[in-house]
Amino acid sequence: MKKLLLILAIGLFQFSSGYAAIIWYAASYIVPSPTTGSAPGPGDAAEDFSLIAGTCTLSSNASIQSITSSGGNSLIISGSSTITVGADVNIGSGCSLTVQSGSTLIITTSIANGGTITVQKGANLIQVNNVSNSGAGSYSINATGNGSASRYNLWSSPVSSSVISSTFSGSEICDIYYFNASAQAWTRDVASSTCVPTAPTSGDGVMNSGRGYVVAGGGSVSFSGSINNGNVNSTVSTGSNPGSGWAGDSWNLIGNPYPSAISCTDFLGANSGNIQGTVYLWDDDGTAGGGYDGGTDFATWNLAGGSGSPGGGGGTGTVPNGFIATGQGFFVQAIAGGSVSFTNVMRGGDNSQFFKREKEDIVRVRMNAISPNNYSNPILIAFSDSATDGMDWGYDSKKLSFNSNFNFGSSMEGAQEPYVIQSFAKAALLDEKEVPLSVYSSESGVVVMELLATENLDSNVVIYLKDSKTGKLQDLSSGPFSVYLNASETYKTRFSVIFVNKSGPNPTGIETVDELYMNVYSYNNTLYVNGKSNSLNSVDIIDLNGHVVMTRSLNGSERSSISVNELAPGLYVAKVTSNSNEIGSQTFVVN
């Protein structure tokens, strides 16, 4: 009876003072005077929410004025719900607040934490105003990366003063680094070190907010400390190290400093004066074994969209969604020394990818190449009203490739490195557009180039893969293009992708090119090879492991037929050599 009178008194006091309130006690709501009510909802933005006792779970979207928790209770925000608080949140001593995976808590002003606040992996805790928080309570911000000691993660701390040795207690301290941008070299962040080798070592063993760190392993990590809010600046530098093996100079490893995801679009837009318009995200699936394989483990995002990390050689192939998750470190390339800024305006969005669509319907064409040893290497070619044929900030991204066994990208005139994302004016698709491709493999054998997917592409546009050496032209919608390539040779001008609008003003030239190449096809387990007059010298039949399983002389003929009945059923490549040592290839199937 005394407890009931207390609740009645609280409700009457708040009501008589002009404040509406929803009160949780044990297992029921009281709103706004002493009658049983319901959970906060979207229409309760003017009401304060008070928790007196017990555990309360909010699983639907709601807008409320404030949250006050006392009496040792627990508040859980669950599911995919978003709870928006118009003012502040006060978590009393002995109380807890948990934001579960997939849910979001938006707080307009400050947090007074005297208890425990936990933000699970994939959840968002967002603050709108640039204010300081208070209270002696604790925070636990959780994130999950690769757990194996032979696999790396790029981390960043969402709290201030996170001690490296305790945060990553399961990792070897000698395998934790930050990236010294001035020297373009990895450096250990410890005050002193017994690591071998001992250098380079510099720092105090505490994670700097906004800085990225590479950690061997780490697995599920809980960051403890005061959460970051408001403006966070991180220094970026232009530097070079010719011996680093990196593609270009001025790389900087930074990271998301908040207990929420941030928007790549907003981050790049706010820092366009100091960095290139690309975010590079480490994405290691562990299949390449231990170590750091920069040629196969980076996913890329710019304003045109994302391109997944290469698969089969270390990357998972996951395409970035345009948001950087809590605890995620990432690379940018500086164009001027100074600092990049993180602000509350950037916070929010999908926090599920550890590593918003734009209003314009950007045309995206995703391609992939597969090496002789089955490494895959995806790229993105985009068409936007904001892009040109030249280098466009935020729309063209060089391939971050070094120590790579296989590399595939588009080429830009005057540029040395291939591009993982390259954008052009959307108007180019009204007629015909040819984009050069760059291919390199450390192993000789069959390389396959294929069309993965398209977005917003007009149905009148046909995509061809062209081999300028043989004249072969293939519609990629009919299947992948296969060709035998030599080891350790970079092909920068031989291959290109051509976009032809069938309803355009000048859809010509394709038929002319198509007549030039050696025609190879199979029927009833017989391989037919046709070429220019008396031009064919030999044909090698190669399986998908790159092994030559049959060789036949063509004796300078124009047309030849070869029985392939002795071959096991499967997919093969016919590599045809002409009398002038020109090489063409075509896949075929033995049934």
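Below you will find a few notes about this structure. (Residues numbered from 1 in each chain as written. Predicted model: local features only at pLDDT ≥ 70, side-chain atom pairs only at ≥ 80, totals over all residues. Heavy atoms only, no water.)

**With respect to the overall build of the protein**
Part 1: Across its full length, the protein holds four helices and 49 strands.
Part 2: The buried share of the protein, reckoned over its 591 residues, is 53%.
Part 3: Of the roughly 23,500 Å² of accessible surface on the protein, a fraction of 48% belongs to carbon and sulfur atoms. (Helix = DSSP H or I, 4+ residues; strand = E, 2+ residues; numbered from the N terminus. Buried < 20%, exposed > 50% of the residue type's maximum accessible area, 1.4 Å probe, protein only. Areas by Shrake-Rupley, 256 points an atom, 1.4 Å probe, with all protein chains shown as cover.)

**Some points on the sheet that holds strand S18 (residues 176-180)**
Part 1: Read across the sheet, four strands follow the order S16-S21-S18-S19 without closing on themselves; strand pairing throughout is antiparallel. Edge positions in the sheet fall to strand S16 (152-155) and strand S19 (185-188), since each has one partner strand and no second. On average, each strand axis in the sheet is tilted by 35° relative to the strand beside it, whichever way the strands run.
Part 2: Of the strand pairs in this sheet, S18 and S19 are connected by four bridges, and their pairing is antiparallel. Following the sheet pairing, Tyr177 is matched in S19 by Arg188. (Pairing = 2+ DSSP bridges. Axes fitted to C-alpha atoms, helices over the stretch in contact; angles between N-to-C directions.)

**Some points on the sheet that holds strand S9 (residues 89-91)**
Part 1: What the six strands build is an open sheet, ordered S2-S1-S3-S6-S9-S12; its pairing is mixed. Each edge of the sheet is formed by a strand with only one pairing partner; in this case those strands are strand S2 (28-30) and strand S12 (111-113). Geometrically, the sheet is characterised by an average inter-axis angle of 15° between neighbouring strands, direction not taken into account.
Part 2: As paired elements, strand S6 (residues 66-69) and S9 share three bridges and run parallel to each other. When the sheet's bridge partners are listed, Ser69 is paired in S9 with Ile91.

**Concerning the pairing of strand S26 (residues 279-282)**
Successive residues of a regular strand alternate their side chains across the two faces of the sheet.
Part 1: Of the two faces of S26, the one holding Val279 and Leu281 and the one holding Tyr280 and Trp282 are both buried throughout.
Part 2: Sheet topology note: the S26/strand S27 (residues 298-302) ladder contains four bridges and is antiparallel. Its bridge partner lying in S27, Trp282 is registered against Phe298.

**Considerations on the pairing of strand S1 (residues 21-25)**
Part 1: Counted residue by residue, S1 has four buried out of five residues, so it is predominantly covered.
Part 2: Sheet topology note: the S1/strand S3 (residues 48-53) ladder contains five bridges and is parallel. Bridge pairing links Tyr25 to Ala53 in S3.
Part 3: Relative to S2, S1 runs antiparallel, the two being bridged by three bridges. By the bridge assignment for S2, Tyr25 is matched with Ser28.
Part 4: Counting the residues in the hairpin turn of S1 and S2 gives two residues, including Ala26, whose phi is positive at 65°.

**What about the packing of aromatic side chains?**
Part 1: Under the criterion given, the structure shown has 17 aromatic pairs.
Part 2: A centroid spacing of 5.9 Å and a plane angle of 35° characterise the contact between Phe383 and Phe424, whose relative ring orientation is tilted. In this pair, Phe383 is assigned in strand S33 (residues 376-384) and Phe424 in strand S36 (residues 419-425), connecting sequence segments 41 residues apart. Across the pair, Phe424 and Phe383 agree in class, each one buried.
Part 3: Judged by centre distance (5.1 Å) and plane angle (80°), the ring pair of Phe383 and Phe499 falls under edge-to-face. Taken together, the residues span a long stretch of sequence, with Phe383 in strand S33 and Phe499 in strand S42 (residues 489-501) at a distance of 116 residues.
Part 4: Phe383 gets classed as buried once you look at its relative accessible area, which sits at 0%.
Part 5: Through pairs of rings, three or more aromatic residues link up here, namely Phe179, Trp186, Trp282, Phe298 and Phe331.
Part 6: Over the ring of Tyr178 we find Arg211, and its NZ or CZ is 3.9 Å from the ring centre. (Phe/Tyr/Trp six-rings, centres within 6.5 Å; stacked < 30°, edge-to-face > 60°. Lys NZ or Arg CZ within 6 Å of the ring centre and 35° of its normal.)

**Here we look at the nonpolar core**
Part 1: Residues Phe49 and Phe168 are the most contacted members of the largest nonpolar core, which totals 41 residues.
Part 2: Broken down by element, this core gets its largest block of residues, three residues, from strand S15 (residues 138-144).
Part 3: One finds Ile379, Leu485, Tyr491 and Phe495 within the second-largest nonpolar core, a separate group that totals 29 residues. (Core = buried A, V, L, I, M, F, W, Y, C linked by side-chain atoms within 4.5 Å.)

**Side note on the side chain of Ser157**
Part 1: Within the fold, Ser157 resides in the loop between S16 and strand S17 (162-163).
Part 2: Judged by relative accessible area, Ser157 falls into the buried class, the value being 0%.
Part 3: A polar contact of 2.8 Å, which involves the side chain of Ser157, links it to the backbone oxygen of Val159.
Part 4: In contact with Ser157, other than residues within four places in its own chain, are Ser162, Met207, Phe223, Asn228, Asn256 and Pro257. (Polar contact = N/O pair within 3.5 Å; in protein donor to acceptor, adjacent residues only side chain to side chain. Contact = heavy atoms within 4.5 Å.)

**Describing unusual backbone geometry**
Part 1: In this model, Ser250 sits at a positive phi of 65°, which is unusual for a non-glycine residue.
Part 2: Structurally, the position occupied by Ser250 is in the loop between strand S23 (232-236) and strand S24 (251-255).
Part 3: On the accessibility criterion, Ser250 (11% relative accessible area) is buried.
Part 4: At Asn456, a position not held by glycine, the phi torsion is positive, near 60°.
Part 5: Counting through the fold element by element, Asn456 comes out in the loop between strand S38 (445-455) and strand S39 (461-467).
Part 6: What makes Asn456 partly exposed here is its relative accessible area of 46%.

**Focus on the side chain of Asn274**
Part 1: Secondary-structure assignment places Asn274 in the loop between helix H3 (264-270) and S26.
Part 2: A polar contact of 2.7 Å, which involves the side chain of Asn274, links it to the backbone oxygen of Ser339.
Part 3: Those residues in contact with Asn274, other than ones at most four positions away along the chain, are Val236, Gln333, Ala334, Ile335, Ala336, Gly337 and Ser339.

The values are spatial; any link to function lies outside them.
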